Amino acid sequence: MEIIGYFASLLIGISLGLIGGGGSILTVPVLVYLFGINPILATAYSLFIVGASSLVGAFPKYQQGLVNMKTAIIFGIPSIISVYATRKFIVPLIPSEIFQIGDLVITKSILMMVLFAILMVAASISMIRGTCENCGKEGTGELEVVPQTFNYPIILLEGSVVGLLTGLVGAGGGFLIIPALVVLSKLPMKQAVGTSLLIIAMKSLIGFTGDLGHQSIDWTLLVTITALAIAGIFVGDKFSKNVDSDKLKKGFGWFVLIMGLYILIQQLAFPLK
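Residues numbered from 1 in each chain as written. Predicted model: local features only at pLDDT ≥ 70, side-chain atom pairs only at ≥ 80, totals over all residues. Heavy atoms only, no water.

Novice: Got a minute to help me understand the overall build of the chain in this structure?
Specialist: Along the chain, the regular secondary structure elements total eleven helices and two strands. Helices and strands appear in the chain in the N-to-C order α-α-α-α-β-β-α-α-α-α-α-α-α. Relative to the compact-globule value of 19 Å for 273 residues, the chain shows a C-alpha radius of gyration of 18 Å, a close match. Among the 273 residues that make up the chain, the fraction classed as buried is 54%. By sequence separation, contacts in the chain at least 24 residues apart represent 81% of the contacts at least 6 residues apart. Just so you have it, the chain exposes about 12600 Å², and 69% of that area is on carbon and sulfur atoms. Between the mean site of the 16 positive side-chain charges and the mean site of the 13 negative ones, the chain shows a separation of 4 Å. (Helix = DSSP H or I, 4+ residues; strand = E, 2+ residues; numbered from the N terminus. Rg over C-alpha atoms; globule rule 2.2 N^0.38 Å. Buried < 20%, exposed > 50% of the residue type's maximum accessible area, 1.4 Å probe, protein only. Contact = heavy atoms within 4.5 Å. Areas by Shrake-Rupley, 256 points an atom, 1.4 Å probe, with all protein chains shown as cover. Lys, Arg positive; Asp, Glu negative; His and termini not counted. Charge placed at Lys NZ, Arg CZ, Asp CG, Glu CD.)

Right under this line is the structure:
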């Protein structure tokens with residue numbers, strides 16, 4: 001299973017390189033089901049993997065002038081504070097057993113996986129529908145000049161909510177961030193994608209530090225999986241020019257939807273002991 005897990009880690013990066021986002025949503029399932037890592041620890045590992053991968057992806061975007069630093073800072077600050085506080089204070093406070101429905105005991109691990117499955121379903125719908133005209137798809141949208149305006153209360157709220165979700169389930173949340181950047185800060189699509197990568201990298205990596213005092217980290221395993229995911233990004237990016245990204249993104253969305261529903265049913269009907 002670990003060999004399959006390493007192969008899946010590479011595929012996560014390849015999917016990121018091919019479709020420009022969404023692949024990281026599979027990181028937690030790979031860690032839990034293929035590497036046998038506890039869901040709580042898996043969400044911490046996912047933050048590091050997603051953060052490092054996004055940072056690597058953001059660098060060439062920055063060189064191309066597709067990262068708006070002012071927007072990244074304004075959106076990033078509430079997300080960073082929220083995700084760090086969630087990992088440092090909220091997650092450790094969640095009891096091991098939360099409540100019971102009949103014979104089903106909802107544990108902390110089950111709650112995390114159910115929340116993650118719901119996020120997977122939401123992300124899959126975004127990919128299938130192609131909302132925001134290819135939100136998350138690299139290379140789309142013209143760099144038209146639009147005066148930037150910031151609705152700070154809404155940005156604060158949106159950033160805090162995304163940070164909370166990221167902290168709880170360990171996902172980057174790009175499918176939430178990119179539409180927000182387009183709508184709330186008037187960024188063209190190309191800049192929204194590049195800027196979102198930097199925001200995801202900052203909040204995920206800083207959020208991961210909130211776990212360092214609570215979790216025992218297997219650095220060898222974590223760095224190996226991260227390196228494979230990053231290598232996959234370059235492989236995927238190389239082949240991205242030869243595939244129909246629209247069809248690939250929708251197909252991947254259906255796969256994520258099936259996986260999300262499977263995890264939801266498995267956790268509620270046949271929870272792992």
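Novice: I'm lost on helix α2 (residues 27–34) in this one. Help?
Specialist: Every α-helical turn comprises 3.6 residues, leaving residues that sit three or four positions apart pointing alike. The element α2 is extensively covered by neighbouring structure, given that seven of its eight residues are classed as buried. For α2, the complete set of buried residues consists of Thr 27, Val 28, Pro 29, Val 30, Leu 31, Val 32 and Leu 34.

Novice: What's the story with the UniProt feature "transmembrane region" (unreviewed entry) in the chain in this structure? I'm lost.
Specialist: Under the UniProt annotation, the feature "transmembrane region" (unreviewed entry) is placed at residues 6–33, 40–59, 71–90, 110–128, 161–184, 219–239 and 251–270. Span residues 71–90 is 100% helix and 0% strand, its end C-alpha atoms 27 Å apart. (UniProt positions renumbered as here; feature names shortened; annotations may be inferred.)

Novice: Is there a simple way to think about the confidence of the model for the chain in this case?
Specialist: Low pLDDT means the predicted coordinates in that region are not meant to be read closely. For the chain, per-residue confidence averages 85 on the pLDDT scale, and 91% of positions sit at 70 or higher. Within the model, the stretch residues 133–143 combines pLDDT values under 50 with 36 contacts to residues more than four positions away or in other chains. (pLDDT = per-residue confidence, 0-100.)

Novice: Looking at this structure, I do not really get the packing of helix α1 (residues 2–19) against helix α10 (residues 219–239). What am I missing?
Specialist: The relative placement of two packed helices comes down to the angle between their axes together with the axis-to-axis distance. Between α1 and α10, the least distance of the axes is 6 Å, while the angle of their chain directions is 40°. In terms of orientation, α1 lies oblique with respect to α10. The chirality of how α1 crosses α10 is right-handed. Only Leu 221, Thr 224, Ile 225, Leu 228, Ala 229, Ala 231, Gly 232, Ile 233, Val 235, Gly 236, Asp 237 and Phe 239 of α10 make contact with α1, whose side of the interface consists of Tyr 6, Ser 9, Leu 10, Gly 13, Ile 14, Leu 16, Gly 17 and Leu 18. Looking at the contact of α1 with α10 residue by residue, the classes come out as 13 nonpolar, six polar and one charged. (Axes fitted to C-alpha atoms, helices over the stretch in contact; angles between N-to-C directions. Parallel < 35°, antiparallel > 145°, perpendicular 65-115°, else oblique. Left-handed = near helix turned anticlockwise from the far one by under 90°. Nonpolar A, V, L, I, M, F, W, Y, C, P; charged D, E, K, R; others polar.)

Novice: Please explain the packing of aromatic side chains as it appears in this structure.
Specialist: Here a ring pair, both rings aromatic, is described through the centre-centre distance and the interplanar angle of the planes. Evaluation of the coordinates by the stated rule reveals six aromatic pairs. An angle of 70° between the planes, with centres 5.2 Å apart, marks the rings of Tyr 6 and Phe 35 as edge-to-face. Linking Tyr 6 in helix α1 with Phe 35 in the loop between α2 and α3 (39–63), this pair joins segments that are 29 residues apart in sequence. On the accessibility criterion, Tyr 6 (28% relative accessible area) is partly exposed. On the basis of relative accessible area, Phe 35 is assigned to the buried category, the value being 11%. (Phe/Tyr/Trp six-rings, centres within 6.5 Å; stacked < 30°, edge-to-face > 60°.)

Novice: Is there a simple way to think about the pattern of salt bridges in this case?
Specialist: Pairs may arise between side chains of opposite charge once their charged atoms sit close together. In total, this model carries one salt bridge according to the counting rule given. With a shortest N-O distance of 2.6 Å, Asp 211 and Arg 87 are connected by a salt bridge. Here Asp 211, found in the loop between α9 (189–209) and α10, pairs with Arg 87, found in helix α4 (residues 69–93); they are 124 residues apart in sequence, far enough to count as distant. Each member of the pair Asp 211 and Arg 87 is classed as buried. (Salt bridge = Lys/Arg side-chain N within 4 Å of Asp/Glu carboxyl O.)

Novice: Can you help me understand helix α7 (residues 152–169) in this one?
Specialist: With 18 residues, α7 should cover 26 Å at 1.5 Å per step; its first-to-last C-alpha distance of 26 Å lies within 8% of that length. For α7, the set of buried residues is Ile 155, Glu 158, Gly 159, Val 162, Gly 163, Thr 166, Gly 167, Leu 168 and Val 169. Looking one or two residues beyond α7, the residue adopting positive phi is Gly 170, at roughly 75°. (Expected span 1.5 Å × (residues − 1).)

Novice: Is there a simple way to explain the environment of Thr 71 in this structure?
Specialist: The topology assignment puts Thr 71 in helix α4. We classify Thr 71 as buried; its relative accessible area is 0%. For the pair Thr 71 and Leu 187, spaced 116 residues apart in sequence, the C-alpha separation works out to 8.8 Å. The contact partners of Thr 71, leaving out residues within four places of it in the chain, are Gly 76, Gln 148, Phe 150, Leu 181, Ser 185, Leu 187 and Thr 195.

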